[in-house]
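The residues making up each chain are set out below.
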Amino acid sequence: MDTKTVRIGIAGINGRVGRLLREEVAAAGAILAGGSTRNGVMDPAGGDTIAPPCPVFTSMADLAQVCDVVIDFTNVATVRAHAQALTQAGTAWVLGTTGLGDEDQAAVEQAARRIAVVQAANFSPGVTLMTRLARQMAAALPGGEYDAEILEMHHRQKVDAPSGTALAIGNAVADGRGIVLKDHIETARDGHTGPRADDTIGFAVLRGGQVVGEHSLIFTSANEQLSLTHRSFNRRIYATGAVRAAQWSRTRGAGLYSMDNVLGLE
């Protein structure tokens, strides 16, 4: 199939990322088949000088019927309902929503048994490579000798902490060391905490202004320090990557995929 003929739907088409997605779908030569909003009306501001008007729906079930794939950067509260609607329609799903709980993730994995799901905390190629490198670095730098810290900063409106990207990096470090992140994570240090334990993975969170996203992974031993940093200058990188994932997903069968798959790294 020519991936430029893919019919792409955008959940939350009026949002900040949704508006960028309108432009990126048009730039990729794909078909903007529809979008969803709370009131069923597409805000004319932003993107529409490039992207043509499209049908707008209030429900994912209706949107899924007119699309080959839906890109979804909405809210964690919608994940289970969206998983059900997309599965029933047989529509592929590019999911960038973060902060999922165990039941939400279980719904995503259940959907992936019947449809193609590309799930990523961050659709930037740079972050994808950073996460892959984090796994390799952690495997080579044992926790008993090298402390791992993840520092992230985002805009003041961000509601979840640590960020989904920071947690993805942390999971990569844990994978590289053969441990489970939830058993070794440190997200709060206050007062008399005592010395740091081996194999812990620390997180520090900063919020302020309109920072798009900054993530640093720092390994520190008694004798040296190694840092890996990624900075996003524009949210467009997420939209560009998500559209690329949407075009890629249309030619894939059911399964749970990542940006590593989209970029041909796995």
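Data block above holds the structure.
Below: a short report on this structure.

Thresholds, definitions, all that
- Residues numbered from 1 in each chain as written.
- Predicted model: local features only at pLDDT ≥ 70, side-chain atom pairs only at ≥ 80, totals over all residues.
- Heavy atoms only, no water.
- Phe/Tyr/Trp six-rings, centres within 6.5 Å; stacked < 30°, edge-to-face > 60°.
- Buried < 20%, exposed > 50% of the residue type's maximum accessible area, 1.4 Å probe, protein only.
- Helix = DSSP H or I, 4+ residues; strand = E, 2+ residues; numbered from the N terminus.
- Lys, Arg positive; Asp, Glu negative; His and termini not counted.
- Salt bridge = Lys/Arg side-chain N within 4 Å of Asp/Glu carboxyl O.
- Contact = heavy atoms within 4.5 Å.
- Disulfide = S-S within 2.5 Å.
- Axes fitted to C-alpha atoms, helices over the stretch in contact; angles between N-to-C directions.
- Parallel < 35°, antiparallel > 145°, perpendicular 65-115°, else oblique.
- Left-handed = near helix turned anticlockwise from the far one by under 90°.
- Core = buried A, V, L, I, M, F, W, Y, C linked by side-chain atoms within 4.5 Å.
- Pairing = 2+ DSSP bridges.

1. Side note on the packing of aromatic side chains
Counted by the stated rule, this structure contains 2 aromatic pairs. Ring geometry for Trp-248 versus Tyr-257: centroids 5.1 Å apart, planes at 80°, classification edge-to-face. Both residues of the pair, Trp-248 and Tyr-257, count as buried.

2. Considering the side chain of Arg-177
By secondary structure assignment, the location of Arg-177 is in helix H6 (residues 164-177). Put simply, Arg-177 is tucked away with no salt bridge, and the nearest opposite charge, on Asp-199, sits 4.4 Å away. Those residues in contact with Arg-177 that lie beyond four places of it in its chain are Ala-138, Leu-141, Pro-142, Gly-143, Tyr-146, Ala-148, Asp-199 and Phe-219.

3. Topic: the state of the cysteines
Per the counting criterion, the structure on display carries 0 disulfides. The thiol sulfur of Cys-54 is not disulfide-bonded, and the nearest other cysteine sulfur, from Cys-67, lies at 8.5 Å.

4. A short note on the packing of helix H1 (residues 16-27) against helix H7 (residues 236-249)
It is at 9 Å that the axes of H1 and H7 come closest, and there the two elements cross at 50°. Comparing the axis directions of H1 and H7 gives the class oblique. For the pair H1 and H7, the crossing hand works out as right-handed. Contacts between H1 and H7 involve Leu-20, Leu-21, Glu-23, Glu-24 and Val-25 on the former and, on the latter, Arg-236, Ala-239, Thr-240, Ala-242 and Val-243.

5. Quick notes on the nonpolar core
Among the nonpolar cores identified, the biggest contains 31 residues, and Ile-8, Leu-21, Ile-71, Val-94, Val-118 and Phe-123 are the most heavily contacted of them. Mapped onto this core, the elements with two or more residues apiece are strand E1 (7-11), H1, strand E4 (69-72), strand E5 (92-95), strand E6 (116-119), H7 and helix H8 (259-262). It is H7 that contributes the most residues to this core, 6 residues altogether.

6. Concerning the sheet that holds E6
The parallel open sheet is built from 7 strands, whose spatial order is E3-E2-E1-E4-E5-E6-E12. The two strands at the open ends of the sheet, each matched to only one other strand, are strand E3 (56-57) and strand E12 (255-257). Of the pairings in the sheet, the one linking E1 to strand E2 (residues 31-36) comprises 5 bridges and is parallel in character. Counterpart to Ile-10 in the pairing with E2 is Gly-35.

Any functional reading would require information beyond the geometric quantities listed.
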